[in-house]
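# Coordinate inspection notes
Residues per chain are reported as follows:
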Amino acid sequence: MEMSSPVEVPSPTGETTQRERFRPGPIGDRKRFGKFAALTRRPEFGALAGTITVYVFFVIVAGHDFTTATATATWVNTSAELGIVAIPVALLLISGEFDLSVGSVIGASSMIVALGVSHYELPIGIAILLALGFGSLVGLVNGLVQSTTGLPSFVVTLATNFGVLGVALGASTAIGGSTAATFYPSPAAVDVFASKIGQFNISILWWLVVVAIAGWVMAKTRFGNWILATGGDNESATAAGVPVKRVKTTLFVATGLSAALLGVIQSIIYVTGDATRGQDFVFDSIIAATIGGVLLGGGYGSAVGVVFGVATYGIVNGGVFYTGWPTVWVQAFLGGLLLLAVLANNTFRKLALAARKEEDK
Amino acid sequence: MSMSSLSRRMLVFALLLAVAGGAAACGSGSDNEATTASASASDTSSGGDKPDIAVVHGSSSDPFWGAVQRGLEDAAKDFDVNMKLLPILNYDNYTPDMSRNFETAIGLQPDGIVAWTLVYDEFRKYVRQIQAKGIPLVEFNGGNADDGALGHVWGDDYQAGVLGGKVLAAAGKRHGMCVSNGNPVLAQRCRGFRASMQAAGGSSFDLNLPAAAQSNPAKMTQGIQGGLTSHPEADAIFNIGVLQAHGAVKAVENLGKTGEVLVGTDDVDGLSLNLIKSGKLEYAISQSPYLQGYYSIQILAQYLRYGFAPGKPVITGPVLIDRSSVDKALATNSRYPGILGGS
């Protein structure tokens, strides 16, 4: 298609010159809607479209019940908890690897805090540090095993997931007599990890910190480029001088650490540890990343997109219960709505890419 | 394809088969599941006088079954039996996993079997096989009183719900909500609850939160909060388990309805006891899992030794723990964490 046609344009000196007239692409005229069009071409826009679609859906179906501060706080709280883990998992996915062990780390760290305080009577700060250290250690093991053996991380971290879960279950039972434990967190710990602003948990702030760090790394640092390069193609990246193994191992430590952080936060909010907690995060974090535009094959995605992915997932998971629909069908609704979100995401991404192609002609 | 490469492939294939066969033989029976002193004694196979008992039971990652296991182990020690535990790892693949454990137990030719025949119809054929071999069977936490097993030890799920409903109805509540997870047997609890509410002139509906979300307290709170918001008339919440109960208490708090909406639960754990003490939870209903484990071994051991057994099922629950009895329960729980079903 002819993108432009020559046009006579008067210049300040009175002479006329030939200029190309810009024809608008499918999304909009760059001159008039320049900024908006540019926005729609960003990878995150599709994810945002998905979020808005499902939110509007629930506002229509569930009505005012869903837009109250209380209702909003519940899904934002759930999204924040997922987001703390999903963002580092997404960065790892972008670099081309999976971490399926986050689930067990969440449960194990919650037990380290719970038993550390209730059984061993440690100051909670020490118990928290131990839990965070444990998560980082598991991540380190994942990273080292994956980089030295070259085995698919899917398999390596699946094995770690089972291993850590087994150890958590066995150790909890041996130490405390059960796989779950209650404890009394100190007021300081509650302030830092479990306080609320109205109905909104402080875990939201923790999540925003994680988002900020991830966003800055991806956008402003060389390491961020390395992540994308590694995910794009291991060999080309290595040839270009990217320390691929170091990048991946660092990201594994990040996912382990974030899972431990979530375990700590949850244990203090709910004043219990549970070795079996967290298994749903394994899959949920990958779903949220995918809805957020991260490609499972690696090499493409952004932290902001995952924010929208996490929000979409939170809205869908929470919203179903505000509709009053018979709850035995909940799983079916979840599936349908997630599909809707992903389709919205995909549609906008295709439009955006088509617009970009048109411009480049 | 040359002959040598064909025979090489066949050799590799044969090796893989041998390894797989060996692994399967070692894997079944899950020796590594029995991790305690009395269980390691049970691994030394049948000596002459000590009876061998095989136990097919639920996942040890479930605090309820953790308490059952403590009962089993204490009884094995007290009654001097060799015990082989055959738990399932989780409930994702319940029927095939339990079937495999049944087959293993029967294959061991023990002196007695304790079995969790939860969904009786599915495992009736194993009950028949066990009886055909003349192995005495005690069914616990489920089963069918008419199938001719030697003994039954259980708590009644339906009655637990009935009791739960009675207490909340007596407090003046008429619009119940039963938080369930889709498990058809635990649904009995909701049915019992509904019967009580209806008997008092009220009603009840079931709120189903997927079992996969159970271990996520945020999702539990969120789902129940949504359920309460979309059913504003609900004033009584009965939970099939403690994980649901924790979420229900938080949801009621978030909506500012503590005291207005009463919450009760089946099963017991440390947090639930604390919540009863602080008035946020009305009661926890126990079926005494420890006793279920203990009495099952006791019945078999005494039958094998003396030849007699109780003539009727031993009913270990429901037992109500509320504000008047919670202090005693808390004391037991702190002295013996997990013995009530979760610390």
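Just above, that's the structure.
Reading the values: the criteria
Residue indices follow the written sequence of each chain, beginning from 1 at its first position. Each chain is given a letter, starting from A, and each ligand a number, starting from 1, according to the order in which they appear as written. At least 70 in pLDDT is required for a residue's local features to be given in this predicted model, at least 80 for side-chain atom pairs to be given and counted, and no such filter applies to totals for whole chains, interfaces and linings, which use all residues. Side-chain calculation: all heavy atoms of the structure are included, whereas hydrogens and water are not. Strands here are runs of E lasting at least two residues and helices are runs of H or I lasting at least four, both read from the DSSP assignment and numbered beginning at the N terminus. With a 1.4 Å probe rolled over the protein chains alone, any residue whose accessible area is under 20% of its type maximum counts as buried; one over 50% counts as exposed, and the rest are partly exposed. The contact rule is simple, with two residues in contact once any of their heavy atoms fall within 4.5 Å. Only the protein chains shown count as cover for residues, and the accessible areas themselves come from Shrake-Rupley with a 1.4 Å probe. Any two rings among Phe, Tyr and Trp, with Trp reduced to its six-membered ring, count as a pair given centres within 6.5 Å; such a pair is stacked if its planes are under 30 degrees apart, edge-to-face if over 60, and tilted if neither. Residues enter a patch when their relative accessible area is above 30% and they make no salt bridge; the linking distance is 9 Å between like charges and 5 Å between nonpolar side chains (Val, Leu, Ile, Met, Phe, Trp, Tyr). Whenever a carboxyl oxygen of Asp or Glu lies within 4 Å of a side-chain nitrogen of Lys or Arg, that contact is scored as a salt bridge. Here the quantity called buried area is the accessible surface, traced with a 1.4 Å probe, that two parts lose on coming together, added over both. We call two N or O atoms a polar contact when they sit within 3.5 Å, provided that within protein one can donate a hydrogen and the other can accept it, with sequence-adjacent residues counted only if both atoms are side-chain atoms. For this analysis, a nonpolar core means a set of buried residues of the types Ala, Val, Leu, Ile, Met, Phe, Trp, Tyr and Cys, connected via side-chain atoms within 4.5 Å. Only a pair of cysteine sulfur atoms within 2.5 Å counts as a disulfide in this structure description. Pairing between strands is defined by DSSP: at least two bridges between them are needed. In this analysis an axis means a line fitted to C-alpha atoms, helices contributing only their contacting stretch, and an angle means the value between N-to-C directions, from 0 to 180 degrees.

Quick look at the overall build of chain A now. The secondary structure content of chain A amounts to 14 helices and 6 strands. Taking all 361 residues of chain A together, the buried fraction comes to 53%. Within chain A, contacts between residues separated by at least 24 positions form 73% of all contacts whose residues are at least 6 apart in sequence. Element-wise, carbon and sulfur atoms account for 69% of the exposed surface of chain A, whose accessible area totals about 16,000 Å².

Take the environment of Val306(A) next. Residue and element names in this part refer to chain A. Its location among the elements puts Val306 in helix 13 (residues 303-319). Using a relative accessible area of 0% as the deciding quantity, one classes Val306 as buried. Residues Val306 and Gly292, spaced 14 residues apart in sequence, show a C-alpha to C-alpha distance of 4.2 Å. Setting aside chain neighbours within four positions, we find Val306 in contact with Ala86, Ile87, Ala90, Ala289, Gly292 and Val294.

Moving on, we come to the packing of aromatic side chains. Considering all chains together, one arrives at 24 aromatic pairs over all chains under this definition. Each ring, one from Tyr94(B) and one from Trp116(B), has its centre 5.6 Å from the other, and the planes form 75°; the classification is edge-to-face. Of the two residues, Tyr94(B) is situated in helix 4 (residues 94-107) and Trp116(B) in the loop between strand 3 (112-115) and helix 5 (120-132); the sequence distance between them amounts to 22 residues. You'll find Tyr94(B) and Trp116(B) in the same group, each marked buried. One aromatic cluster is present, built from ring pairs that chain together Tyr55(A), Phe57(A), Phe58(A), Phe66(A), Trp75(A), Tyr322(A), Trp325(A) and Phe333(A).

A word on a nonpolar patch on the surface. Residue and element names in this part refer to chain A. A cluster of nonpolar side chains, Leu137, Leu140, Val141, Leu144 and Val145, forms an exposed patch at the surface whose accessible area comes to about 380 Å². The residue Leu144 is located in helix 5 (residues 124-149) in this model. A residue is classified by how much of its surface remains accessible, and Leu144, at 44% relative accessible area, is partly exposed.

Residue and element names in this part refer to chain B. Scanning all chains against the criterion turns up 12 salt bridges over all chains. We note a salt bridge from Arg189 to Asp267, for which the minimum N-O separation is 3.7 Å. Highlighted residues: Arg189 in helix 7 (residues 187-199) and Asp267 in the loop between strand 9 (262-266) and helix 10 (270-277), separated in sequence by 78 residues. With relative accessibility at 3%, the residue Arg189 sits in the buried group. Residues participating in the shared-partner salt-bridge network are Asp157, Arg189, Asp266 and Asp267.

Moving on to the interface of chain A and chain B. If you look at the interface, chain A gives 42 residues, while chain B gives 35 residues. Summed over both sides, the interface between chain A and chain B buries roughly 2,900 Å², with carbon and sulfur atoms accounting for 53% of that surface. The tally of links between chain A and chain B comes to 2 salt bridges. For the salt bridge of Lys219(B) with Asp284(A), the shortest nitrogen-to-oxygen distance reads 2.5 Å. Linking chain A with chain B are 12 residue pairs in polar contact (both at pLDDT 80 or more), by the criterion used here. Breaking the side of chain A that touches chain B down by element, the ones donating at least two residues are helix 3 (69-94), helix 6 (153-176), strand 3 (180-182), helix 11 (244-269), strand 6 (272-274), helix 12 (279-291), helix 13 and helix 14 (330-360) of chain A. Broken down by element, the residue count for the side of chain A that touches chain B peaks at 5 residues, all from helix 3 of chain A.

Before going further, it helps to spend a moment on the nonpolar core. Formed by 165 residues in total, the largest nonpolar core has its most connected members in Ile224(B) and Ile237(B). Per-element accounting of this core gives the leading share, 15 residues, to helix 3 of chain A. Residue contacts for Ile237(B): discarding those within four places in its chain leaves Leu168(B), Met177(B), Val179(B), Ile224(B), Leu228(B), Ala248(B), Val252(B), Val261(B), Leu262(B), Val263(B) and Gly264(B). Cys178(B), Met197(B), Phe238(B) and Tyr283(B) belong to the second-largest nonpolar core, a separate cluster that totals 14 residues.

Most peptide bonds take the trans form, and the phi angle of most residues other than glycine is negative. Residues and elements named next belong to chain B. Here the residue pair Gly317 and Pro318 is connected by a cis peptide bond, since its omega of 15° sits within 30 degrees of zero. Along the polypeptide, Pro318 turns up in the loop between strand 11 (314-317) and strand 12 (319-322). Of note in the backbone geometry, Asp80 takes a positive phi value of approximately 60° without being a glycine. When you line up the elements, Asp80 lands in the loop between helix 3 (63-78) and strand 2 (82-87).

Moving on, we get to the state of the cysteines. Residues and elements named next belong to chain B. One pass over the full model with this rule turns up 1 disulfide over all chains. Here Cys178 engages in a disulfide with Cys190; their sulfurs sit 2.0 Å apart. Between Cys178 and Cys190, the S-S dihedral sits near -80°, and the bridge is therefore left-handed. On the criterion of sequence distance, the pair formed by Cys178 in strand 6 (residues 175-180) and Cys190 in helix 7 is long-range, its members being 12 residues apart. The class for Cys178 is buried, based on a relative accessible area of 0%.

Take the sheet that holds strand 1 (residues 52-57) of chain B next. Residues and elements named next belong to chain B. In spatial order, the strands read 2-1-3-4-5-11; together these 6 strands make up an open sheet with parallel pairing. Two strands close off the open sheet at either side, each with one partner strand: strand 2 and strand 11. Neighbour to neighbour, the strand axes of the sheet diverge by 15° on average, direction disregarded. In terms of strand pairing, strand 3 meets strand 4 (residues 137-140) through 3 bridges, oriented parallel. Counterpart to Val114 in the pairing with strand 4 is Val138.

A separate point is the sheet that holds strand 9 of chain B. All names here are of chain B. Judged by pairing direction, the sheet is mixed, and its 6 strands sit side by side in the order 7-6-8-9-10-12 without closing on themselves. Of all the strands in the sheet, the pair left with one neighbour each is strand 7 (203-208) and strand 12. Between one strand axis and the next, the sheet turns by 20° as a mean value, whatever way the strands run. With 4 bridges joining them, strand 10 (residues 283-286) and strand 12 adopt antiparallel strand pairing. Residue pairing in the sheet places Ser286 in a bridge with Val319 of strand 12. Across the face of the sheet, helix 9 (residues 242-254) comes into contact with strand 6, strand 8 (236-239) and strand 9 while running at roughly 170° to strand 9.

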